[in-house]
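In case you want the letters, here they are:
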Amino acid sequence: MGHLFLELLKERIIVFDGAMGTELIKKGLKPGECPELWNINHPEAIEGIHKNYIEAGAEVIETNTFGANRIKLSHFGLSDKVAEINFNAVKISKRASEGKALVALSIGPTGILMEPYGPLTFEEAFDVFKQQISAALEAQPDIILIETMSQLAEARAAVLAAKELCNLPIIATMTFEETGKTLMGTDPTTALFVLSSVGADVVGVNCSLGPDKMASILYEMSKYECVPILVQPNAGIPKLINGETFYPLSPREFAQNCTMLIDAGINAIGGCCGTTPEHIKSLKVKVQGKKPLGIKPFQKTTICSDRLTVFVSSKDPVKVIGERINPSGKKILSEELKSGILNGVINEAISQKAAGADILDVNLGVPGIDEASLMKKAVLYLSQTVDIPLCIDSSNPEVIEEGLKVYPGKALLNSVNGSKESLEKILPIVKKYGAAVIGLTLDERGLPKNAEERLEIARKIVDAAVSHGISKKDVIIDCLCLTAGTEQEQALETINAIKKVKEELGCLTTLGVSNISYGLPGRNTINSVFLAMALGAGLDLPIVNPLNEKIWEIIRAADVLTGRDKKANFYISFAKKENKESKKIPSLTFNIETADKSLYNSIVSGNDAKIEEYIKDLFLSGMDPFKIIDHIIIPALNEVGKKYEKGEYFIPELLQSAEAAKKAFELIKSHFLSEVKIAKGKIILATVKGDIHDLGKNIVKAIMENYGFDVIDLGIDVDPQVILKEIEKHPDLKLVGLSALMTTSIPSMQNTIKLIKNKFPSCKVVVGGAVLNKELAKNIGADFYAKDAIEGIKIAEEVYSRESGSFLK
């Protein structure tokens, strides 16, 4: 800490500035013009805006660089201007501040989906942000502000790039939807812990929502009181008045609505879209005398995916690490890994999660393979397939770094040991990527024979980790066990070592329980008894086979007897579930064949590993191809849609299921129905003239194509005449989808709709984007408003199923 800004956050609520775009429009920024180019062509205008915010009371001003990365600038043919634009922007801000305000370098998203959902790799994202930050650092900003991120993986890459380049305070804010999750399904808790783990000093929320809609999201972050919080809401939901977009909250209303955010617990506040110096002036008055959120160390260990946080502590119910993604003793899995195939890995992940595993250990150690590349591939696929966190299992630094680098959450690493070489090579990687780590109680001397020596090594590992800046709570000790078949006396030494580590170091503990029975008959019995003994000694994170029901009986019972399961709530729920399962009558929902049910479940779960096999089996049984589509694939997609609407699924699951369905469609089409067109209808998609954002449009495109629609994507910044010409080419086309993210693009969207309606009155128009809502869509003449991809599919199916009226009437 120690930086002026971070110290000020402890003393009072710091006020940031408001929107840059709103002010630039007032000064003449035209639709489709690059705002960041004004740093070169109109520096005096930018400086004037900064000064107005400082006069209004802003203590931190943000540079006009939100879209000044090479990917965004390439849309304007300005990718070679990254250095000049960012350097100038900081210089302008510093000149305007005159020492009265701190300067935050604004870093926005690239607008491209990251792997495995899109083409942007971690390496490219990291390099894009590194280039932008590096150029700006020459002009000496005071703070790095990474903002308006909807992909946690992208925000994480930006934070890592900033950390590599400088020691300035780093702020990272995400943008959330009304569901309380980001576009990609990240919840506020997970965003908080993942971003802070990789080095963000301040975490927060900005854009998309007004103050009233942001309160619940903010509460979820601030309740942990472990990281300073920044919040920057919009001035309400935009409306269209006299052909211009207008944010409804006046400065007084905005400041009044922000009271609930201040009361929730924050350290800094400013404005986003639609806010002006007048809004900030009113806000400044509201924060006077208000105490900032008090920050203290968070006591529990967190392990996170990009969609779920698992809390681990000695007082909470035991958490289970699934052990089955490990080729040791598994010939089929080993052969698959040698061929670079991950079907078995994916299937094990799905089954272990379904059985209740909290974390999945991922060990790909097969001799003769490129383990580093395969680990990277597996981590990407697994992070898409399951929402529970991963434990990357390897002692090879190259493999570890490849896995941790691309993992979009806060992983657990298995492992480091007490040898000097291991500590020196592994711990810097753990620190860099913000992981938690398992420490094995062995060193250059091998595995100790007694509990005291294991405690000594455990203490050495903890001390080394702390010296590298890793929190003690993120070091989990494995006291190791050997098979009782050859080292019988070692069983009790392991149990005693667990007790000593808990009592003297206060660390969490883990253990690969099944090692104890290797080479002995009746392994399940020995494993079960040893697990019970270890749990009694204080074991927190057993590494076990979660498909073994006996394991769960022991864990749930032990949680009650050790006081971890307060009022036996988990045990009672478990017992009720077991009783219910034992009485369950087999489902008769599907009465054809196993392949029928398997294909359906594969699409719902997004697991396409055996889809070709299932479809071939259905054809061999004589099932008509259209029946496969109408009675299996389409119902499965409908089930996915329902899960999305209920908040059980998010964009990652939606994309994965859609990809599985697409594979099924393509197999039927290529092998059995090559002469038949399966597409449900054609749809044109375009981001309107003056808008270069297409992240949401690209998601809609991917899902619509996988649902069987023929999508014609015209790209970004599309002139209305281009859209009209494309409609003319397709007489059977009934629907056009228009997207916009910027408020300045709404008039352009309205004009495009008007031109479409004049020339093609029967053609329907659906609109979507962050700045739109149902009322605004109706006002600009659209037939439909789609709040998300699933709503868009429903509209498309309605349009092509019959002559439809407007959903907005």
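Residue indices follow the written sequence of each chain, beginning from 1 at its first position. Under the rules for a predicted model, residues below a pLDDT of 70 receive no local features and side-chain atom pairs below 80 are neither given nor counted, while totals for whole chains, interfaces and linings still include all residues. No hydrogens and no water enter the side-chain calculation; it runs on all heavy atoms of the structure.

Caption draft 1: Layout of the nonpolar core. To define a nonpolar core, start from buried Ala, Val, Leu, Ile, Met, Phe, Trp, Tyr and Cys residues and group those joined through side-chain atoms within 4.5 Å. Remark: exposure states derive from per-residue accessible area (1.4 Å probe, protein chains only) relative to the maximum for the residue type, with buried under 20%, exposed over 50%, and partly exposed in between. Formed by 246 residues in total, the largest nonpolar core has its most connected members in Ile144, Leu599, Ile633, Tyr707 and Leu738. Among the elements that make up this core, the one with the highest residue count is helix 27 (residues 651-671) (10 residues). For this analysis, residues touch if any pair of their heavy atoms sits within 4.5 Å. Apart from the residues within four sequence positions on either side, Tyr707 is in contact with Leu637, Val640, Gly641, Leu654, Ala658, Phe665, Lys680, Ile790 and Ile793. In this description a helix means any DSSP run of H or I spanning at least four residues, a strand means any run of E spanning at least two, and both kinds are numbered starting from the N terminus.

Caption draft 2: Quick peek at the pairing of strand 14 (residues 359-362). Along strand 14, one buried face is formed by Ile359 and Asp361 and the opposite face, lined by Leu360 and Val362, is buried too. Sheet analysis places strand 13 (residues 321-325) next to strand 14, joined by three bridges and oriented parallel. Its bridge partner being in strand 14, Ile325 is matched across the sheet by Val362. What makes two strands pair is DSSP finding at least two bridges between them. As paired elements, strand 14 and strand 15 (residues 390-393) share three bridges and run parallel to each other. Within strand 15, the residue paired with Val362 across the bridge is Ile392. Handedness is read with the strands pointing away from the viewer; a crossover is right-handed when the path from the first strand over the helix to the second is clockwise. Where the polypeptide runs from strand 14 across helix 16 (residues 371-385) and back to strand 15, its parallel neighbour, the crossover connection is right-handed.

Caption draft 3: Representation of the sheet that holds strand 10 (residues 268-269) within the structure. The strand order across the open sheet built from eight strands is 1-10-7-6-5-4-3-2, with neighbouring strands paired in parallel fashion. At either margin of the open sheet sits one strand with a lone partner, and together these are strand 1 (14-15) and strand 2 (60-62). Of the strand pairs in this sheet, strand 7 (residues 229-232) and strand 10 are connected by two bridges, and their pairing is parallel. By the bridge assignment for strand 10, Val231 is matched with Ile269. Contacts from helix 7 (residues 122-137) reach strand 3 (102-107) and strand 4 (143-149) within the one sheet, and its direction differs from that of strand 3 by about 155°. Between N-to-C directions, angles cover 0 to 180 degrees, with each direction set by a line fitted to C-alpha atoms, over the stretch in contact for helices.

Caption draft 4: Up close: the packing of helix 24 (residues 594-605) against helix 25 (residues 611-620). Following both chains from N to C, one finds helix 24 and helix 25 inclined at 150°, their axes separated by 9 Å at the closest point. The chirality of how helix 24 crosses helix 25 is left-handed. On the side of helix 24, the interface is formed by Ala595, Asp596, Ser598, Leu599, Ser602 and Ile603, while helix 25 contributes Ile611, Tyr614, Ile615, Asp617 and Leu618. When residue character is reported, Ala, Val, Leu, Ile, Met, Phe, Trp, Tyr, Cys and Pro are called nonpolar, Asp, Glu, Lys and Arg charged, and the others, Gly included, polar. Taken together, the residues of the contact of helix 24 with helix 25 sort by class into seven nonpolar, two polar and two charged. Should the near helix be turned counterclockwise from the far one by less than a right angle, the crossing is left-handed, whereas a clockwise turn marks it as right-handed.

Caption draft 5: View of the sheet that holds strand 25 (residues 784-785). Pairing within the open sheet is parallel, and its five strands lie in the order 22-21-23-24-25. Here the strands that pair on one side only, and so sit at the sheet edges, are strand 22 (710-713) and strand 25. Note that strand 21 (residues 682-687) and strand 23 (residues 735-739) share five bridges and pair parallel. By the bridge assignment, Leu685 is partnered in strand 23 with Gly737. Together, strand 23 and strand 24 (764-768) form the strand contacts of helix 30 (residues 746-759), whose direction differs from that of strand 24 by roughly 170°.

Caption draft 6: Representation of the side chain of Thr182 within the structure. By secondary structure assignment, the location of Thr182 is in the loop between strand 5 (170-174) and helix 9 (188-197). In terms of polar contacts, Thr182 uses its side chain to reach the backbone carbonyl oxygen of Ser150, at 3.3 Å. Beyond its immediate chain neighbours, meaning those up to four positions away, Thr182 contacts Ser150, Met174, Thr175 and Phe176. Pairs of N or O atoms within 3.5 Å make up the polar contacts considered here, provided that, within protein, one atom can donate a hydrogen while the other can accept it, and that residues adjacent in sequence are counted only when both atoms are side-chain atoms.

Caption draft 7: Main features of the pattern of salt bridges. Salt bridge criterion: a side-chain nitrogen from Lys or Arg within 4 Å of a carboxyl oxygen from Asp or Glu. Within this structure, the stated rule accounts for 48 salt bridges. We note a salt bridge from Lys239 to Glu775, for which the minimum N-O separation is 3.4 Å. In this pair, Lys239 is assigned in strand 8 (residues 239-241) and Glu775 in helix 31 (residues 774-779), connecting sequence segments 536 residues apart. Three or more residues are tied together by salt bridges with common partners; here these are Glu123, Lys376, Glu402 and Lys405.

Caption draft 8: Geometry of the pairing of strand 21. Extensive coverage of strand 21 is indicated by the burial of six of its six residues. Burial along strand 21 is two-sided: Lys682, Ile684 and Ala686 facing one way and Ile683, Leu685 and Thr687 facing the other are all buried. Here strand 21 pairs with strand 22 via four bridges, running parallel. If you follow Leu685 over to strand 22, its bridge partner there is Asp713. Between strand 21 and its parallel partner strand 22, the chain crosses via helix 28 (residues 695-706), and the hand of that crossover is right-handed.

Caption draft 9: Local environment of helix 24. Here, expected helix span is obtained from the residue count minus one, scaled by 1.5 Å. Under the 1.5 Å per step criterion, the end-to-end length of helix 24 is 16 Å for 12 residues, consistent within 8% with the ideal 16 Å. Those residues of helix 24 that sit buried are Ala595, Asp596, Ser598, Leu599, Tyr600, Ser602, Ile603 and Val604. One or two residues past the end of helix 24 sits Gly606, with phi positive at roughly 75°.

Caption draft 10: Inspection of the packing of helix 4 (residues 43-56) against helix 13 (residues 277-287) at higher detail. Running from N to C, helix 4 and helix 13 cross one another at 20°; their axes reach a closest spacing of 8 Å. Taken as axis vectors, helix 4 and helix 13 run roughly parallel relative to one another. Viewed along their axes, helix 4 and helix 13 form a crossing whose handedness is right-handed. Contacts between helix 4 and helix 13 involve Asn52, Tyr53 and Ala56 from the first element and Pro277, Ile280, Lys281 and Lys284 from the second. Residue composition of the contact of helix 4 with helix 13, by class: four nonpolar, one polar and two charged. Any angle that falls under 35 degrees is termed roughly parallel, while one over 145 is termed roughly antiparallel, one within 65 to 115 roughly perpendicular, and all others oblique.

Caption draft 11: Layout of the state of the cysteines. Any two cysteine sulfur atoms within 2.5 Å of one another count as a disulfide. The full count for this structure, using the stated rule, is zero disulfides. Unpaired in this structure, Cys258 has its nearest cysteine sulfur neighbour in Cys272, at a distance of 12 Å. Cys258 sits in the buried class, given a relative accessible area of 0%.

Caption draft 12: Geometry of helix 7. Look at helix 7: 22 Å from first C-alpha to last across 16 residues, which is about the 22 Å you get at 1.5 Å a residue. Residues of helix 7 that are buried include every one of Phe122, Ala125, Phe126, Val128, Phe129, Gln132, Ile133, Ala135 and Ala136, and no others.

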